[in-house]
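# Residue-level structure breakdown
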Amino acid sequence: MTDDSTSYETPASDRLIQPEEGGSYLWPYTSRNRSPSDRTLAINLVIHGSDERVQQALVDETGLEWKETDPEEEEAEGETYEVDAEDETIEWDDAHGSTRYVYFDTSPHGGEGIWVTESYQLHTGSYLGSRHHIRAYTPTTDDWTAIQIHQEYWDWFRLRHTVTDIRDSQSMLEAEFLDQPYVEEVRREYHGTAGPRHDGWLSVIELATVGLLGVLGVLEKERLRTIRREAYDLLEWAHANVRGFVLAGALAGLFLDVRTAGLVLEATLPWINPKAFVAVLYPVLILGLPIVTIVLTQPLEAASRFLRLHHGASWLGRPLKPQPALVFTIVGLGTAFVVDFASLGISALPLELFLHRLGLLFALGLLAAGAARTDARGSVLFLAGLSGWAVGLAMPLLGYV
């Protein structure tokens, strides 16, 4: 955790909350920079207890052993309680993620206002897939940890994570502490914190004031979450318009293979920053999709001769007309988008993100329709599609999506 002086912009005092009576104050949001004007997501959970105990409760609660002694028999041997593991228990791993800041006012302890980075990050899921992501912030002057938890997925076109949920993630983590022997109380407090997808309620976890004797067993690391997706094979659907089915399948396969390749590389090479894989796979995505579209919609004689089978028949079939080329392109890549979102557990999209994906589909569709023609009108469609594709890729990189 890094802290800095008060030379940076500080939040208004009436926007601070005090998680513990007599303790430090907290600005209940995260920020991209050391300024409240760059606010991102609301803090949605606070766990009371030492930093070590909070981390242990989060990442390895099944290894906690607790001991309580009868106050009337102080010399008697206390009864020991061990947390039972359950199949549905969530396992958290160390996480990569962008730096976010929170603000602590430590004046009740004689200190000052400071901006700090996260003490640690945890996630369950995959960096290049879908995951629940925790950023934890622990003040050095108090025994509580402020947590921001959300669900997000890696967006290949925006080259960053997109947050899709906060409240359900908050409820999921809160439920992990219900009816646990090492938890004294689970409650919610309303602080009116405003923000996207947040209802203003803060979950508060009070860890029981009992002795932590030790950790049993070895903490399991690097658990790989299995990602399942629907199987499809468009080549077997019909004998007519074979090239259209090949085109749709190739586009969908390329897009989903990039996602799968990212997940496989992340799982097999965990010591490499996942963004290194992005630098390799992103060009494959943005160049591969239009190249595949052009090759499979143009009546290329060289490709036909190379792929020709017996009796002079090519398994690619007849060249596509402009209208079917546009439809098969939109259906193929659109199906890939739907399958991708479904496999990541995404059920709703922000309007601007939906419109952006729709624009990319029609841009690639126009490119296909133009490539399927050999006249001047085809050239116009081709250039319109290529321009739309370039603009669609540039918009999220420039911050417009």
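Preceding this section is the structure that the text describes.
The notes below deal with the structure included here. (Residues numbered from 1 in each chain as written. Predicted model: local features only at pLDDT ≥ 70, side-chain atom pairs only at ≥ 80, totals over all residues. Heavy atoms only, no water.)

### Quick notes on empty space enclosed by the protein
Stated formally: Only protein atoms enter the calculation, which uses a 1 Å grid: trapped sets of points that fit a 1.4 Å probe without letting it out are cavities, open sets showing protein on both sides within 12 Å along at least five of seven lines are pockets, and any residue with an atom within 4 Å of a point is a lining residue. Grid points are joined across faces, edges and corners, and a volume is the space filled by probe spheres set on the points. The numbering of helices and of strands both runs from the N terminus, where a helix is a DSSP run of H or I of at least 4 residues and a strand a run of E of at least 2. Note on residue classes: Ala, Val, Leu, Ile, Met, Phe, Trp, Tyr, Cys and Pro are nonpolar, Asp, Glu, Lys and Arg are charged, and everything else, Gly too, is polar.
The final tally for this structure, using the stated rule, is three cavities of 30 Å³ or more. Here the largest cavity defines a volume of roughly 40 Å³. Looking at the lining of the largest cavity, the elements with two or more residues in it are strand S12 (144-155), helix H3 (242-268) and helix H6 (322-343). Broken down by class, the residue content of the lining of the largest cavity amounts to seven nonpolar, no polar and four charged.

### Notes on the packing of aromatic side chains
Defined as follows: Two rings from Phe, Tyr or Trp (for Trp, the six-membered ring) form a pair when their centres sit within 6.5 Å of each other. Planes less than 30 degrees apart are called stacked, planes more than 60 degrees apart edge-to-face, and all others tilted. When a residue's accessible area, from a 1.4 Å probe over protein chains only, is under 20% of the maximum for its type it is buried; when over 50% it is exposed; and in between it is partly exposed.
This structure, assessed with the given rule, holds 13 aromatic pairs. Ring geometry for Phe157 and Phe337: centres 5.9 Å apart, planes at 90°, overall edge-to-face. Within this pair, whereas Phe157 is found in the loop between S12 and strand S13 (160-165), its partner Phe337 is found in helix H6, the two being separated by 180 residues in sequence. Like Phe157, the residue Phe337 is buried in the burial classification.

### Brief notes about the pairing of S13
Note the cut-off: A pair of strands counts as paired when DSSP detects no fewer than two bridges linking them.
Here S13 lies mainly inside the structure; five of its six residues are buried. The pairing of S12 with S13 spans five bridges and is antiparallel. For Tyr153, the partnering residue across the bridge sits in S13 and is Thr162. Between S12 and the antiparallel strand that follows it, S13, lie four residues; Leu159 among them carries a positive phi value of about 55°.

### A closer look at helix H8 (residues 376-397)
Definition in use: A helix is expected to reach a length of 1.5 Å times the quantity of its residues less one. This arc corresponds to the set of directions leading from the helix axis out to the C-beta atoms. Residue contacts are defined here by distance: any two heavy atoms, one from each residue, within 4.5 Å place the two residues in contact.
Look at H8: 32 Å from first C-alpha to last across 22 residues, which is about the 32 Å you get at 1.5 Å a residue. All of the buried residues in H8 are Gly378, Gly385, Trp389, Gly392, Leu393 and Pro396. Taken down its axis, H8 places every buried residue within 90° of arc, on the same side. Seen from the buried face of H8, the exposed residues on the opposite side, beyond 90 degrees, are Ala376, Val380 and Leu383. Of the surrounding secondary structure, the elements contacted by the buried residues of H8 are S13, helix H4 (274-297) and helix H7 (351-371).

### Observations regarding the side chain of Arg135
Note the cut-off: Neither His nor the chain termini are counted; the positive set is Lys and Arg, and the negative set is Asp and Glu. Salt bridges, as used here, are contacts in which a Lys or Arg side-chain nitrogen is within 4 Å of a carboxyl oxygen on Asp or Glu. Under the rule applied, a polar contact is a pair of N or O atoms within 3.5 Å (in protein, one hydrogen donor and one hydrogen acceptor; residues adjacent in sequence only if both atoms are side-chain atoms).
Here Arg135 is to be found in strand S11 (residues 130-137). Of the side chains bearing the opposite charge, Glu118 lies closest to the buried Arg135, which forms no salt bridge; the N-O distance is 4.2 Å. At 2.9 Å, the side chain of Arg135 forms a polar contact with the backbone oxygen of Ser98. Sequence-distant contacts of Arg135, defined by excluding residues within four places in its chain, comprise Gly97, Ser98, Arg100, Glu118, Tyr120, Gln121, Ala146, Ile147, Gln148 and His150.

### Points about unusual backbone geometry
Within the chain, Leu159 stands out as a residue other than glycine whose phi angle is a positive 55°. Within the element layout of this structure, Leu159 appears in the loop between S12 and S13.

### Things to note about the pattern of salt bridges
The tally for this structure, following the rule as stated, stands at eight salt bridges. Among the salt bridges present, the one from Asp155 reaches Arg357, with a minimum N-O distance of 2.2 Å. Note that Asp155 is positioned in strand S12 and Arg357 in helix H7, a separation of 202 residues in sequence. Overall, Asp155 belongs to the buried group, its relative accessible area being 0%. Taking the relative accessible area as the measure of exposure, Arg357 reaches 6% and is therefore buried. Connected through shared salt-bridge partners, Glu185, Arg187, Glu189 and Glu206 make up one network.

### Notes on the packing of H4 against H8
Defined as follows: Simply put, an axis is a line fit to the C-alpha atoms, just over the touching stretch for a helix, and the angle between two N-to-C directions goes from 0 to 180 degrees. In what follows, roughly perpendicular refers to angles from 65 to 115 degrees, roughly parallel to angles under 35, roughly antiparallel to angles over 145, and oblique to any angle outside these ranges. Left-handed describes a crossing whose near helix is turned anticlockwise from the far helix through less than a right angle; right-handed describes the clockwise counterpart.
With their axes 12 Å apart at the nearest point, H4 and H8 run at an angle of 165° to one another. By the criterion of interaxial angle, the relationship of H4 to H8 is roughly antiparallel. The two elements H4 and H8 meet at a crossing, and its hand is right-handed. Within the contact between the two elements, H4 uses Tyr282, Ile286, Leu289, Pro290 and Ile294 and H8 uses Phe382, Trp389, Leu393 and Leu397. Looking at the contact of H4 with H8, its residues break down into nine nonpolar, no polar and no charged.

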